[in-house]
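Now for the letters of each chain:
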Amino acid sequence: GGETSCWDAFNNEYTGDDKYYQWMKHSIIGGFIASKMISKKIGLITCAEGISPVDLNRMIGFSVSFMYERSGYTMPIYGATGVMDLVGVANLMKAMIREERVSRGGIKNDEKYNISNTNEGHWNDSEDEHGNVYEGNKKSKYFAGFNSGDGYLSYKTLNESQFLSAIAGVGILFLKADLVLTYESKKFKFGSVGFWLESARRYNGGGEDEITKKNRKRIKKYCKYFKWTDGRYDDLVDKYLDYIDTLR
């Protein structure tokens, strides 16, 4: 079969007593986030069978709204000046998805990309060697209530639903934001563009003052595509890239 519907995927995997409330709330807020997601070049998307660019935006919007509520953070939804809003976080995740797809052998064309059919397994970066979302452990507030309450999403689950893959990816990004907030709050002011870009860098490893060749290449691509997906923060993205150039 093709892609499982978003509701069926969520209904099957999320077992919280507030399932219907969570679905309705974040569908509405996520829909608003999706409506504000600007795509520029990334708007030229060839999606997996049955998934349109609008569907992808809604998947990401829902995921950002859902994980934001669990984070306990206080952020504007849209229209912030000089700091990231939830639409910005959603556009950053979209840029990250684009980079992951291309780096894993998808369409190597900067004008468009193909969000793979999830059966092809192009979201492996979201799982550990045991097939579970890494760092999304059973005590994580972000993944609590998933997979019969065990608090993780299996590799098989992610391969069956692009929507759950988006939820996993956004959850991991928020986990990384928690890490940056805890250990590096003096370097990156919470909510700043630098704070969220550093969280994206840590998504693929790397320490506070260290960076690998692969890590450097990946974050620079994230930044490149983030300018495409949003465009409101270009000067601040360039400032973060200047910081990246100081790391060895």
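First, a word on what this report is: a plain description of the structure on this page.

1. Re helix H1 (residues 6–13)
Point 1. Within H1, burial applies to Ala9, Phe10 and Glu13. End-on, the buried residues of H1 take up no more than an arc of 95°, which puts them together on one face.

2. Focus: the layout of surface pockets
Where empty space is left can be seen by rolling a probe of water-molecule size over the atoms.
Point 1. If you add up the space inside the largest pocket, you get close to 200 Å³.
Point 2. Gly82, Lys187, Phe188, Lys189, Ser192, Val193, Gly194, Phe195, Leu236, Lys239, Tyr240 and Tyr243 are the residues that line the largest pocket.
Point 3. Counting only elements with at least two residues in the lining of the largest pocket, the list comes to helix H7 (193–202) and helix H9 (234–244).
Point 4. Top element by residues in the lining of the largest pocket is H9. It accounts for 4 residues.
Point 5. Within the lining of the largest pocket, the residues separate by chemical class into 6 nonpolar, 3 polar and 3 charged.

3. A short note on the packing of H1 against helix H6 (residues 162–183)
For any two helices packed against each other, the geometry comes down to the angle between their axes and how far apart the axes lie.
Point 1. Where H1 contacts H6, the two axes come as close as 8 Å, and the packing angle between them is 60°. For the element pair H1 / H6, the angle class is oblique. Every residue of H6 that contacts H1 at Cys6, Ala9, Phe10 and Glu13 is listed here: Phe163, Leu164 and Ile167.
Point 2. Partitioning the contact of H1 with H6 into residue classes produces 6 nonpolar, no polar and 1 charged.

About the cut-offs
- Residues numbered from 1 in each chain as written.
- Predicted model: local features only at pLDDT ≥ 70, side-chain atom pairs only at ≥ 80, totals over all residues.
- Heavy atoms only, no water.
- Buried < 20%, exposed > 50% of the residue type's maximum accessible area, 1.4 Å probe, protein only.
- Helix = DSSP H or I, 4+ residues; strand = E, 2+ residues; numbered from the N terminus.
- Arc of directions from axis to C-beta.
- 1 Å grid on protein atoms, 1.4 Å probe; cavity = no way out; pocket = protein on both sides within 12 Å on 5 of 7 lines; lining within 4 Å.
- Points joined across faces, edges and corners; volume = space filled by probe spheres on them.
- Nonpolar A, V, L, I, M, F, W, Y, C, P; charged D, E, K, R; others polar.
- Axes fitted to C-alpha atoms, helices over the stretch in contact; angles between N-to-C directions.
- Parallel < 35°, antiparallel > 145°, perpendicular 65-115°, else oblique.
- Contact = heavy atoms within 4.5 Å.

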